[in-house]
Amino acid sequence: MNCERVRTDLAAYVAGDLPREARDAIAAHLHQCPPCTAEAEVMRGLCHRLACGLKAWAEVGVCPPDLEDRLRSAVWAESAAASAARRVRIRGWVAAAGAAAMVACLTLIVVPALNRSVTLPLLQGVIRGWRGQRTGPAVWYPLEASASRDGVTLQAVATAFAGGETLCRLRVRGLRPGGGESWRQSSLVLVAGEQTVPMYALETEASAADGEWVALKATFGPVPVDVPIRLRVDQLAGRAGPWELTLLQRKQ
Amino acid sequence: MVGILSLPDSSIGRGWSTSAEEQFFVLLKREQGKLYRTALAILGNEADARDAVQETVIRGFRAFGQLRGGAATFPAWIRRILVNQATQILRHRARVVPVESPEALLPEAIEDGQTPDHSDVWEAVRHLDPRYRTVVALRFLNDMQLEDIAQALAIPVGTVKSRLHAAMKQLRRRLAQADPPAGAEQPRGRRAP
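Reading guide: rules and limits
- Residues numbered from 1 in each chain as written.
- Chains lettered and ligands numbered in written order.
- Predicted model: local features only at pLDDT ≥ 70, side-chain atom pairs only at ≥ 80, totals over all residues.
- Heavy atoms only, no water.
- Contact = heavy atoms within 4.5 Å.
- Salt bridge = Lys/Arg side-chain N within 4 Å of Asp/Glu carboxyl O.
- Polar contact = N/O pair within 3.5 Å; in protein donor to acceptor, adjacent residues only side chain to side chain.
- Helix = DSSP H or I, 4+ residues; strand = E, 2+ residues; numbered from the N terminus.
- Core = buried A, V, L, I, M, F, W, Y, C linked by side-chain atoms within 4.5 Å.
- Buried < 20%, exposed > 50% of the residue type's maximum accessible area, 1.4 Å probe, protein only.

**Quick notes on the interface of chain A and chain B**
Contacts between chain A and chain B engage 45 residues on the former and 50 residues on the latter. Scanning the region where chain A abuts chain B turns up eight salt bridges. Close ionic contact of Glu59 of chain A with Lys34 of chain B constitutes a salt bridge, the shortest N to O distance being 3.2 Å. For the pair chain A and chain B, the interface holds 15 residue pairs in polar contact (both at pLDDT 80 or more). Those elements that provide at least two residues to the side of chain A that touches chain B are helix H1 (3-8), helix H2 (10-14), helix H4 (34-59) and helix H5 (65-94) of chain A.

In structure tokens form, the structure reads like this:
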């Protein structure tokens, strides 16, 4: 084995990654070649410096805040999707005929502030979701989301108070503003405990990019912490999906 | 701002009434910075690193129930998932993207402001040709054997070996240039990206 060949494999040799035969051949060469032995020592030091340096550099790494938000959102979405899928399966066994009558999509977005958005996948089927599950660093503790002939009701508890208004965003397919069915202010009702929370504003918007999707944004007053709230949307009664319902608390 | 629950190590896997998400978040919180940098070292750009970490977290959470050994095994376990994910991205990139110039894949400046020691090593590594940098990251940051690297990248072992050799030659030169002459004061701060 000549020096050139040995030095080509020297990094792999000192890293301990060569098969026994090649390792023995290089060891034999090093035994009788001082320059290559010196080169091997340099390479060993370099390997050690790289391993220590890269590991120390990675050890003090900080996850970018926006990525951290993305990771949490992804886990919640995964968890919600799994829970919903489980429940849909169970419901399918219990009441297959009834469940097939309505296909709805519900997305519950649980975020502490408007500037931190979470997108959950659209979930097919009637969802009674997230009972008993905390949702990490979120302000909402959803108890139940149900759809029936009387409309859709979302029950939740605010576990933290962001200080601002409560916003409800509803995206529905098949409604166009200014034509056909219009949305009544009374079709969205938010009750905290026994008190009806006043609605400040109701806006409808549609974007061309969304096709037939129409977004409805209702702004309610703040809701207290640890008091069960119910958001009822009458006009979704009997409506086939998909639709998305989002609950947000504006940070003050 | 609402923080995640802080659980003691002993709470993991011992029947605490915390949800899987909370347990996962507590363990992830300690590792996510390392995961991000590991992905950055392997992939060489922030966008791919972010995607790799996100996909890793999703896969990790799906398989979290199968994790044996509790909190102690989580770091190595989630890192394995990350390396698999990152090398999958590299294999895909190799299929669809011609070899790019090193400049095109240079990572953006790390903005976390926490690069105290050993940044000279990373500075030298990050300026390598992407093919060399990947091998160096997998070998020295993730302790993968050359055969495993070859398998993960779907390239021959000989190619891995020659890339490692070329990388070491370049690194030796770069680190020698970065080192202060004997007796000189150690320079502070980082090089501009």
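**As for the side chain of Arg50 of chain B**
On the secondary structure map, Arg50 of chain B appears in helix H2 (residues 46-62). Setting aside its immediate chain neighbours within four residues, Arg50 of chain B contacts Pro64, Asp66, Leu67 and Arg70 of chain A together with Tyr36 of chain B.

**Overview of the nonpolar core**
Core analysis: the largest hydrophobic core is formed by 80 residues, its most contacted members being Phe24, Val53, Val125, Phe140 and Met168 of chain B. Considering every element that reaches this core, the biggest residue donor is helix H1 (residues 20-43) of chain B, with 11 residues. With residues up to four places along the chain from it excluded, the contact list for Met168 of chain B reads Ala11, Met43, Leu46, Cys47 and Leu50 of chain A together with Phe140 of chain B. Of all hydrophobic cores here, the second largest spans 16 residues; its members include Ala156, Val197, Leu216 and Ile229 of chain A.

**Let's talk about the environment of Gly221 of chain A**
Residue and element names in this part refer to chain A. In this structure, Gly221 sits in the loop between strand E8 (213-220) and strand E9 (228-233). On the accessibility criterion, Gly221 (1% relative accessible area) is buried. Residues Gly221 and Val197, 24 residues apart in the sequence, show an inter-C-alpha distance of 5.9 Å.

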